2 protein chains.
Amino acid sequence: MKPSLPKGTRDFLPIEIKKREFIFDKIRYYFRLFGYDPIETPAMESLETLMGKYGDEGDRLLFKILNNGDFLAGLDKEDVSSGNLSKVTRQLSKRGLRYDLTVPFARYIVMNRQHIKFPFKRSAIQPVWRADKPQKGRYQEFFQCDADVAGSTSLYYEAELIRLYDSVFDALQLPVIIRCNNRKILFGIMESAGLAEYFQTITVVIDKLDKIGIEGVTSELKARGYEEEKINILINLISKNEIQELVSYMISETGKQGIDEMNEILAYLGRETLTNKLIFDPTLARGLSYYTGCILEVNAVGVQMGSIGGGGRYDNLTAIFGLKDVSGVGISFGVERIYDVMEELKLFPDEINKSKNILIACLDRESFSFAIEVVNKLRSLNIPCDLYPDIAKLQKQMSYANDVGFAKVGLIGEEERTQRKVSVKDMDSGKQELMSLEDMMQKFKCV
Amino acid sequence: MKPSLPKGTRDFLPIEIKKREFIFDKIRYYFRLFGYDPIETPAMESLETLMGKYGDEGDRLLFKILNNGDFLAGLDKEDVSSGNLSKVTRQLSKRGLRYDLTVPFARYIVMNRQHIKFPFKRSAIQPVWRADKPQKGRYQEFFQCDADVAGSTSLYYEAELIRLYDSVFDALQLPVIIRCNNRKILFGIMESAGLAEYFQTITVVIDKLDKIGIEGVTSELKARGYEEEKINILINLISKNEIQELVSYMISETGKQGIDEMNEILAYLGRETLTNKLIFDPTLARGLSYYTGCILEVNAVGVQMGSIGGGGRYDNLTAIFGLKDVSGVGISFGVERIYDVMEELKLFPDEINKSKNILIACLDRESFSFAIEVVNKLRSLNIPCDLYPDIAKLQKQMSYANDVGFAKVGLIGEEERTQRKVSVKDMDSGKQELMSLEDMMQKFKCV
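Residues numbered from 1 in each chain as written. Chains lettered and ligands numbered in written order. Predicted model: local features only at pLDDT ≥ 70, side-chain atom pairs only at ≥ 80, totals over all residues. Heavy atoms only, no water.

Description of the environment of B:Ile109
Residue and element names in this part refer to chain B. Counting through the fold element by element, isoleucine 109 comes out in helix 6 (residues 102–111). Along the sequence, isoleucine 109 and alanine 319 sit 210 residues apart, while their C-alpha atoms lie 11 Å from each other. Sequence-distant contacts of isoleucine 109, that is, excluding residues within four places in its chain, are made with Ile116, Phe118, Phe120, Ala150, Leu317, Thr318 and Leu323. (Helix = DSSP H or I, 4+ residues; strand = E, 2+ residues; numbered from the N terminus. Contact = heavy atoms within 4.5 Å.)

Next up, the structure:
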């Protein structure tokens, strides 16, 4: 039998895990520094929790888990015969795999509210599963990395989350542009253009701007039958990127509130103190999402790639589960894309590519216990190392060290054993040096 | 709608995650120090990979994933009518959730062998899923933590893995007893007693010794109809805990090899250099598992609890997937139980229970931008902190700090703003001190 993996899933080699962990570690570090405590929810949720939260498309893309035991007992054979897929699904399955981290977070708040004090700042780094058609860069199992605050309407958090983005990407040495907008400003612009009643639809069209350009958006809006004059006003207004230029066009309270919110956030932030560029961009729309206030998106500089992060304010986070008036604001890091960008721009530190540290290679049976002693000693000094586990020819052990990617080989034969030293060979330079354990400790500690 | 969780699954609160991470971090650290590189495999595996690997019981307890799309199309209605559960399962489902980390590891080796050099040392820390009946301490989703070496028969690795156990439990400050035995010695003992042909069955009975005692084992063996004289020899031999006492009873090569292996491992190890106690225990059997050589089990000292770790040597790790002659040896950490033991023995450091560091509380609108400046400054010095996001009464902010578990509160009002200082209150002692940012940096850095 030749084994295989389900489509859309991946194995990760040690070198890939190390690179992923490099990204996760930075994100995790700043999540903690900023007070976003980690929580975890189970991979399996009740289908009742998941269904209807992600639209019809989402319902189809949810992975559902077959009931254990005699699942046929609960099956209505007429529904099977008539091909009633949704009824049969409910009979066969009560659980599904997590589809994102936001719905489980909302469920978590409602179920754990006796343990939670609001404002509640939480982070989550967990895999999610979607039965999307697999393609380059899109998998059926992938990680999401979220930081959210629930239970506060303070705009300070929008500013804090923008700073969190700035800090993480600065730590990754990955230059980005952070774009921000406010759904209320977008609504105000549509009011000005006389198109407010089509807010949802037009938001989705504007969201395609990155892909189809301003001309594509214009012609799609025309194709949808909106008046040319209104479209022109709309296009003109979303093309302005100074907030103050929009003030006079805001005709309702909603629009004005959007402007005020934007200004307050920028005041809290002190834009000039950020490492990365933050720009106001009224074309930013964030498509079909549930955002109601500030929205954010992050793009890497100098590489052709979709957004590597996004987020915003969503009122009524937990209303779907019966708990009202809990406002949420959060951001997400697109770690799979961040990985690809960092590979493309060669931003992973060289040490990661050197996959292993020191291999102790023992050349005769009599020296083996000294070799073990050396390995134990190095490890007790927190110096990562390995021992080649057999007495083998020098060439075989060197070729193993080379293939695995050890940075150094510590050779031990009769001479070394007698002197209680190790001949340490640098695999890059080829240089070899006879070293005592004390020398090695001095030179290699805290690697 | 009142949300709920599927039975056997859990949410983790921040404090629980911090304690779990404390354990994972130590394990991860020693995995790396000892050269066991992390790999990851997907949560979903092909059912072909999983089925038949864990016995009939395991096949039933696997979580199976309903095929996406029109799963009714592939359904044979006659099989549904006749209630042929296993055929219908195969028609409805092609994927299952990971049941352990060993079968995916074997599959991984076979599929990635062009990237792997043997001996291949790997670690894995990932959740697994089993449809077991949930009960106290047993969940349907739980983490496994494994370190294994594939592709070497060197007994050095048995010694290294015992040392790895010793190092991790030492770092957790959790005293343990590590018990070891060898399946070949167990076989030799049964040969001596004339019971070798019942090796599998008797191994499973001996494995219950922890639960039913030596009398329980004796009477179960009697009930199974073995001769009393043979049972007595068996019980006598497994009661010896000096290896040398067993030498003269080993009548075949297999038994003698078991003794030699045990002696070689102990010689590599230097038992006296371990922090924890390592004992040879011929009653250790490890039940129905596939072990063929050395076997290991770890128990916590001073607490009533099953084993918190186990492992051993298994020949032909990858034979199920068509790759022969790959010997494996590995150990597993029972993190869920380690967590419970550490709670019971109060071994988690106090700092973990103090869930948060400093809360900056601002008392008037005019000081808010100074408060933000303080928070940004502290974070830039790597001091974790939070800002209460609104101007609220002192009492409200103090009560929030108290409920969330902040160690300190930094008060900022008019006086502090004017002096560019912070009144830092220690939540334990109640003491308050007016500090400059420089004072705070000196006192709180590297928290």
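Examining helix 9 (residues 199–206) of chain A
Residues and elements named next belong to chain A. Listed as buried for helix 9 are Phe199, Ile202, Thr203, Val205 and Ile206. Along the axis of helix 9, the buried residues cluster in a sector spanning 160°; they form a single face. On the buried face of helix 9, the contacting elements are helix 8 (183–192), helix 10 (209–223) and helix 11 (228–238). (Buried < 20%, exposed > 50% of the residue type's maximum accessible area, 1.4 Å probe, protein only. Arc of directions from axis to C-beta.)

Examining helix 1 (residues 14–33) of chain B
Between its first and last C-alpha atoms helix 1 of chain B spans 28 Å; for 20 residues at 1.5 Å apiece the expected length is 28 Å, and the two agree. A positive backbone phi angle near 80° is found at B:Gly35, which sits one or two residues after helix 1 of chain B. (Expected span 1.5 Å × (residues − 1).)

Details of the packing of aromatic side chains
Residue and element names in this part refer to chain A. Evaluation of the coordinates by the stated rule reveals 38 aromatic pairs over all chains. Between phenylalanine 187 and phenylalanine 199, the aromatic rings sit 5.4 Å apart at their centres with planes inclined by 75°, giving edge-to-face as the arrangement. Within this pair, whereas phenylalanine 187 is found in helix 8, its partner phenylalanine 199 is found in helix 9, the two being separated by 12 residues in sequence. For phenylalanine 187, a relative accessible area of 24% translates into the label partly exposed. Of the residues examined, phenylalanine 199 reaches a relative accessible area of 14% and is grouped as buried. Here the aromatic rings of tyrosine 339 and phenylalanine 348 are separated by 5.5 Å at their centres, their planes lie at 55°, and the arrangement is tilted. Take tyrosine 339: its relative accessible area is 12%, and that puts it in the buried class. Here phenylalanine 348 falls in the buried class, since its relative accessible area comes to 7%. (Phe/Tyr/Trp six-rings, centres within 6.5 Å; stacked < 30°, edge-to-face > 60°.)

A look at the domain arrangement of chain A
Each domain of chain A was delimited in the assignment, giving domain 1 (14–62 + 99–191 + 261–344) and domain 2 (354–444). For domain 1 of chain A and domain 2 of chain A, the distance between their C-alpha centroids amounts to 46 Å. (Domains from an automatic or database assignment.)

A look at unusual backbone geometry
Residue A:Pro119 is bonded to the preceding A:Phe118 through a cis peptide linkage, with omega at -5°. For A:Pro119, the location among the structural elements is in the loop between helix 6 (102–111) and strand 5 (120–129). Non-glycine residue B:Asn316 carries a positive phi angle of around 60°. Assignment of secondary structure puts B:Asn316 in the loop between strand 10 (309–314) and strand 11 (328–333). On the basis of relative accessible area, B:Asn316 is assigned to the partly exposed category, the value being 42%.

A look at the side chain of A:Glu40
Secondary-structure assignment places A:Glu40 in the loop between strand 1 (37–38) and strand 2 (44–46). Although A:Glu40 is buried, it makes no salt bridge; B:Arg20 carries the closest opposite charge, 5.2 Å away. Filtering out sequence-adjacent residues up to four positions away, A:Glu40 remains in contact with A:Tyr108, A:Gln126, B:Arg10, B:Asp11, B:Phe12, B:Ile17 and B:Phe143. (Lys, Arg positive; Asp, Glu negative; His and termini not counted. Salt bridge = Lys/Arg side-chain N within 4 Å of Asp/Glu carboxyl O.)

Points about the pairing of strand 12 (residues 356–362) of chain A
Each regular strand carries side chains that alternate between the two faces of the sheet. Residues and elements named next belong to chain A. Among the seven residues of strand 12, seven are classified as buried, and the element is accordingly described as predominantly covered. With six bridges connecting them, strand 12 and strand 14 (residues 406–412) associate as parallel partners. Bridge assignment links alanine 361 to a residue of strand 14, and that residue is leucine 411. As defined by bridge partners, strand 12 adjoins strand 13 (residues 385–387) across three bridges and the pair is classed as parallel. Bridge assignment links isoleucine 360 to a residue of strand 13, and that residue is leucine 387. In this region the chain leaves strand 12, passes through helix 16 (residues 368–380) and returns to the parallel neighbour strand 13; the handedness of that crossover is right-handed. (Pairing = 2+ DSSP bridges. Right-handed = clockwise from strand over helix to strand, strands pointing away.)

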